[in-house]
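Given next are the chains, with one letter for each unit.
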Amino acid sequence: MVDLDGTLLRGNSMKRLMRWLPKALWNERHAAEALLAIGWISIRGVRLVSHRRMKWHLGAIARRTLAPSDWNRFAKEELLPIVNTEVAAHIEALKEKGAAVCVASAAMSEYVEPLCNILGYAHALSTAHTNRFDDYAELRGNHKLLAINELLAAGNYTLIRFLTDHSDDLPTATAYPEETILVNPSGKSAALFAKAGISHKL
């Protein structure tokens, strides 16, 4: 089990999407949608809306205009180059021993799933888009832990490794402390993990 942003990736996938999406929409001749995306990104930049609300609106815009091939291209061209090679090597070693790999992330399903397909990972747990903003629940915290436990039960899996960088994942880390390995956590996150008795680093 591996987190995406800051763990599997050396960087933030949403920031990459915020740069890529308006250009992709413009190039596909969706000028109005490109301007709408820029608008949501801009008002988020001055903290007039939450990250969650901006993310939902960008997802809604993208779902109206982009094809699966566009998301494959985003994953291949924008995310694959920033994969953390040390983390990827650690995962590949586990795969060679028969492990099924899953990315569990609050990032958008639209690009988490194609990235997992490119990397040959078995599962992707991520934030699915909803028709209504009020129903939009990011896969983080206790919500992520619940999804992980449901996947483990459904597949009759045992969690042998949980890689993360962020204290948002404390619920999962505290549920699986022996299996948790920290990947370049910030000082604040490292301190919070340490309070929970979790300090093993990759």
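Keep in mind the model is a prediction, meaning the values are calculated, not measured.

1. What about the pairing of strand E2 (residues 123–127)?
Reasoning step 1: With 4 bridges joining them, strand E1 (residues 102–108) and E2 adopt parallel strand pairing. The partner of Cys102 across the bridge, within E2, is His123.
Reasoning step 2: Remark: the E1/helix H6 (residues 109–119)/E2 crossover connection has right-handed handedness.

2. Quick notes on the packing of helix H1 (residues 13–27) against helix H2 (residues 31–45)
Reasoning step 1: Where H1 contacts H2, the two axes come as close as 7 Å, and the packing angle between them is 160°. Taken together, the axes of H1 and H2 lie roughly antiparallel to each other. Two packed elements cross with a definite hand, and for H1 against H2 that hand is left-handed. Taking contact as the criterion, the partners of Met18, Leu21, Pro22, Leu25 and Trp26 in H1 are, on H2, Ala31, Glu33, Ala34, Ala37, Ile38 and Ile41.

3. Focus on the pattern of salt bridges
Reasoning step 1: Applying the stated rule across the entire model yields 11 salt bridges.
Reasoning step 2: Residue Lys55 is joined to Glu138 by a salt bridge in which the shortest nitrogen-to-oxygen separation is 2.8 Å. Here Lys55 is found in helix H3 (residues 51–65), whereas its partner Glu138 is found in the loop between E2 and helix H7 (141–155), with 83 residues between them in sequence.
Reasoning step 3: Residue Lys55 is classed as buried on the basis of its relative accessible area, which comes to 3%.
Reasoning step 4: Asp169 is paired through a salt bridge with Lys144; the nearest N and O atoms lie 2.9 Å apart. Linking Asp169 in the loop between strand E3 (162–164) and helix H8 (170–175) with Lys144 in helix H7, this pair joins segments that are 25 residues apart in sequence.
Reasoning step 5: Under the relative-accessibility criterion, Lys144 is labelled buried at 2%.
Reasoning step 6: Each of the salt bridges in this network shares a partner with another, and the network as a whole consists of Lys55, Glu138, Arg140 and Asp168.

4. Topic: helix H9 (residues 187–195)
Helical geometry: 3.6 residues make up each α-helical turn, so side chains three or four residues apart lie on a common side.
Reasoning step 1: By the burial criterion, the buried members of H9 are Ser189, Ala190 and Phe193. When H9 is viewed along its axis, its buried side chains cluster within an angular range of 100° and face the same direction. Residues of H9 that are exposed and point more than 90 degrees away from the buried face comprise Gly187, Lys188 and Lys195.
Reasoning step 2: Phi turns positive one or two residues past the end of H9, at Gly197, with a value near 80°.

5. Thoughts on the layout of surface pockets
Reasoning step 1: Considered as a void within the structure, the largest pocket measures approximately 540 Å³ in volume.
Reasoning step 2: Along its surface, the largest pocket is lined by 21 residues, and Asp5, Asn12, His51, Arg140 and Asp168 are the ones closest to its centre.
Reasoning step 3: Elements supplying a minimum of two residues to the lining of the largest pocket: H1, H3 and E1.
Reasoning step 4: When residues in the lining of the largest pocket are grouped by element, the largest group, 4 residues, is from H1.
Reasoning step 5: In terms of residue class, the lining of the largest pocket is built from 6 nonpolar, 5 polar and 10 charged.
Reasoning step 6: Empty space within the second largest pocket amounts to approximately 270 Å³.
Reasoning step 7: Along the wall of the second largest pocket there are 17 residues; nearest its centre are Met1, Ala99, Ala100, Val101 and Ile160.
Reasoning step 8: Of all the elements in the fold, those that place two or more residues in the lining of the second largest pocket are helix H5 (85–96) and H7.
Reasoning step 9: Here the lining of the second largest pocket is composed, by residue class, of 14 nonpolar, 2 polar and 1 charged.

Rules used in this analysis
- Residue numbers run consecutively from 1 along every chain, following the written order of its sequence.
- Totals for whole chains, interfaces and linings use every residue, but because this is a predicted model, local features are given only for residues with pLDDT of at least 70 and side-chain atom pairs only at 80 or more, for both listing and counting.
- Side-chain calculation: all heavy atoms of the structure are included, whereas hydrogens and water are not.
- Strand pairing follows a simple DSSP-based rule, namely that at least 2 bridges must link the two strands.
- Numbering of helices and strands starts at the N terminus; helices are DSSP runs of H or I of at least 4 residues and strands are runs of E of at least 2.
- Orienting the strands away from the viewer, one traces the path from the first strand over the helix to the second; a clockwise path indicates a right-handed crossover.
- Helix axes use the C-alpha atoms of the stretch in contact, all axes being lines fitted to C-alpha atoms, and the angles between their N-to-C directions lie in the range 0 to 180 degrees.
- In these notes the angle categories are as follows: under 35 degrees is roughly parallel, over 145 is roughly antiparallel, 65 to 115 is roughly perpendicular, and the rest is oblique.
- Handedness of a helix crossing follows the sense of rotation of the near helix relative to the far helix, less than a right angle counterclockwise being left-handed and clockwise being right-handed.
- Residue contacts follow a heavy-atom distance rule, with two residues in contact if any of their heavy atoms lie within 4.5 Å.
- Any carboxyl oxygen of Asp or Glu within 4 Å of a side-chain nitrogen of Lys or Arg constitutes a salt bridge here.
- Residue burial is assigned from relative accessible area. The probe radius is 1.4 Å, only protein chains are included, and a residue is buried under 20% of its type maximum, exposed over 50%, and partly exposed in between.
- To obtain the arc, one takes the directions from the helix axis to the C-beta atoms.
- Cavities and pockets are defined on a 1 Å grid built over the protein atoms alone: a cavity is a set of grid points where a 1.4 Å probe fits but cannot escape, while a pocket is an open set with protein on both sides within 12 Å along at least five of seven lines, and lining residues are those with an atom within 4 Å of any such point.
- Grid points are joined across faces, edges and corners, and a volume is the space filled by probe spheres set on the points.
- Under the convention adopted here, Pro, Cys and the residues Ala, Val, Leu, Ile, Met, Phe, Trp and Tyr are nonpolar, Asp, Glu, Lys and Arg are charged, and Gly plus all remaining residues are polar.

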